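Each chain, written out:
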Amino acid sequence: MSQVTLSASMRSNLLSLQKTQGLMDITQERLSTGLEVNSALDNPSAYYTAQSLACRAKDLSALLDAMGQGVQTVKAANEGLEAITTFVQQAKAIANAAKDEANKLVHSTGEFEIPADGNLSLIIGDVSVDVAVTAAGTTSLETLAEAMNTAIAGNAKLKDKFLAAADGETITVKSLDSQEVTVSFEGAGIKLNGSIGNDNRYEAVSRFNEVLGQIDQVAKDAGYKGVNLLQENDITVVFNEDRSSAITVEGVDASAKGLGLSVVENWGDTKVIDVSIQEAETALNTLLVMSSDFGNNYAVIQTREDFTESLINVLNEGADKLTLADMNEESANMLELQTRQQLAINSLSLASQAALSVLKLF
């Protein structure tokens with residue numbers, strides 16, 4: 001096919017129209033994508049720099065998700081510690097209440113008359129011992145308690161197992177090894193009956209041990225996505241893409257045993273209750289330290305999470321500044337190019353009039 005020959009004016013106008021169309025295509029792409037730099041061909045330096053910033057922002061976004069999960073894991077553990085602290089306080093209150101439930105056999109008179117031929121007997125369980133008072137006449141409860149202890153010390157079955165005490169108004173017979181036995185004291189017109197032990201104390205033991213069981217259960221239930229910091233599971237949270245910055249949150253044993261709380265068999269002896277109270281106080285101090293450590297780790301992770309989120313925004317903003325198009329400018333460019341295109345078309349039409357005038361000769 002032979003080549004069509006265009007006049008100089010038509011070729012000039014055609015080239016101008018083609019150039020305008022090319023600019024319109026570029027502007028149209030920018031308007032449709034919102035990007036001034038769509039590929040390395042547009043601006044290699046800006047394109048690859050923006051890609052680097054965007055890739056780092058993407059890597060940090062993945063770490064940001066992990067930080068969020070780390071925060072939730074620590075938060076779950078902290079919620080568990082708060083519940084466990086409440087249970088330990090409850091256990092301590094139960095022990096204190098049990099301590100107030102005294103095991104006593106009481107005679108309410110401070111002094112009483114013992115005749116010269118008085119025969120005094122102390123019966124503890126199935127063992128009976130004679131209580132000797134050196135002189136007849138007015139005798140204090142303290143003197144009588146000493147006589148009881150002398151009688152107890154002289155019996156192999158009772159020795160080192162029971163103790164009598166007086167405070168001026170009452171006599172108390174205690175079991176040193178938490179035995180539950182009936183006790184009576186008769187003679188010289190005195191009759192004292194009762195039993196060592198206290199139903200309220202025995203019920204308190206059951207409640208105390210039940211609370212310890214709840215502590216163990218909370219410690220088991222405080223996990224998050226398979227990680228339980230209260231059962232000595234550790235978690236490491238990474239803060240940057242090359243893993244050079246991280247924090248390891250170490251788990252603890254927040255079970256009753258881990259806190260030093262012992263299951264109770266019997267609170268017949270007040271000394272055993274005192275041990276339980278002391279264990280509860282120590283456990284509360286331990287929980288305070290655990291909560292402080294978790295709170296510090298929580299604050300660190302939360303702060304790094306906020307920082308990373310802000311840094312991601314900075315990186316994306318920097319990438320956008322290198323690649324985003326100014327939509328107002330591009331819209332103005334499109335309007336200008338459309339006007340230029342229309343003018344080029346009109347100019348091309350005028351240039352063609354010279355060729356059309358030749359037809360008038362025929």
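Rules used throughout
Residues numbered from 1 in each chain as written. Predicted model: local features only at pLDDT ≥ 70, side-chain atom pairs only at ≥ 80, totals over all residues. Heavy atoms only, no water. Helix = DSSP H or I, 4+ residues; strand = E, 2+ residues; numbered from the N terminus. Buried < 20%, exposed > 50% of the residue type's maximum accessible area, 1.4 Å probe, protein only. Contact = heavy atoms within 4.5 Å. Areas by Shrake-Rupley, 256 points an atom, 1.4 Å probe, with all protein chains shown as cover. Expected span 1.5 Å × (residues − 1). Arc of directions from axis to C-beta. Pairing = 2+ DSSP bridges. Phe/Tyr/Trp six-rings, centres within 6.5 Å; stacked < 30°, edge-to-face > 60°. Patch = residues over 30% accessible without salt bridge, like charges linked within 9 Å, V, L, I, M, F, W, Y side chains within 5 Å. Salt bridge = Lys/Arg side-chain N within 4 Å of Asp/Glu carboxyl O. Lys, Arg positive; Asp, Glu negative; His and termini not counted. Charge placed at Lys NZ, Arg CZ, Asp CG, Glu CD.

Caption draft 1: How the structure looks around the overall build of the protein chain. For the protein chain, the count of helices and strands is 6 helices and 10 strands. Among the 362 residues that make up the protein chain, the fraction classed as buried is 36%. In the protein chain, of all internal contacts separated by at least 6 residues, the share reaching a separation of at least 24 is 70%. If you sum the accessible surface of the protein chain, you get close to 20700 Å²; carbon and sulfur atoms cover 51% of it.

Caption draft 2: Structural context of the side chain of Asn240. Mapped onto the elements, Asn240 comes out in the loop between β9 (235-238) and β10 (246-249). The buried category is assigned to Asn240, whose relative accessible area is 16%. When sequence neighbours within four positions are dropped, the list of residues in contact with Asn240 reads Leu60, Leu63 and Ser245.

Caption draft 3: Expanded view of helix α3 (residues 141-153). Here α3 is 13 residues long and its end C-alpha atoms lie 18 Å apart, about the 18 Å a rise of 1.5 Å per residue gives. When we look at burial in α3, the residues that qualify are Leu141, Leu144, Ala145, Ala147, Met148, Ala151 and Ile152. Along the long axis of α3, the arc covered by the buried residues comes to 160°, so they all point the same way. Exposed side chains of α3 directed beyond 90 degrees from the buried face belong to Glu146 and Thr150.

Caption draft 4: The arrangement of the pairing of β10 in detail. Taking every second residue as pointing to the same face, the buried face of β10 carries Ile247 and Val249, while none of Ala246 and Thr248 on the other face is buried. Taken together, the 4 bridges between β9 and β10 define a ladder with antiparallel strand orientation. Following the sheet pairing, Thr236 is matched in β10 by Thr248.

Caption draft 5: Representation of the packing of aromatic side chains. Counted according to the given criterion, the structure contains 1 aromatic pair. Between Phe208 and Trp267, the ring centres sit 5.0 Å apart and the planes meet at 65°, which makes this aromatic pair edge-to-face. Of the two residues, Phe208 sits in helix α4 (residues 199-221) while Trp267 sits in the loop between β10 and α5 (270-323), which places them 59 residues apart along the sequence. Accessibility expressed as a relative area gives 0% for Phe208, which makes it buried. Trp267 gets classed as buried once you look at its relative accessible area, which sits at 0%.

Caption draft 6: Fine view of a negative patch on the surface. Together, Glu142, Glu146, Asp167 and Glu169 make up a negatively charged patch on the protein surface. Structurally, the position occupied by Glu142 is in helix α3. Overall, the relative accessible area of 31% leaves Glu142 in the partly exposed class.

Caption draft 7: Structural detail: the pattern of salt bridges. Within the structure shown, the criterion is met by 3 salt bridges. Between Arg56 and Glu241 there is a salt bridge, and its shortest N-O distance comes to 2.7 Å. Taken together, the residues Arg56 in helix α2 (residues 44-100) and Glu241 in the loop between β9 and β10 connect sequence positions 185 residues apart. Here Arg56 falls in the partly exposed class, since its relative accessible area comes to 33%. Here Asp274 makes a salt bridge to Lys99, at a shortest N to O gap of 2.8 Å.

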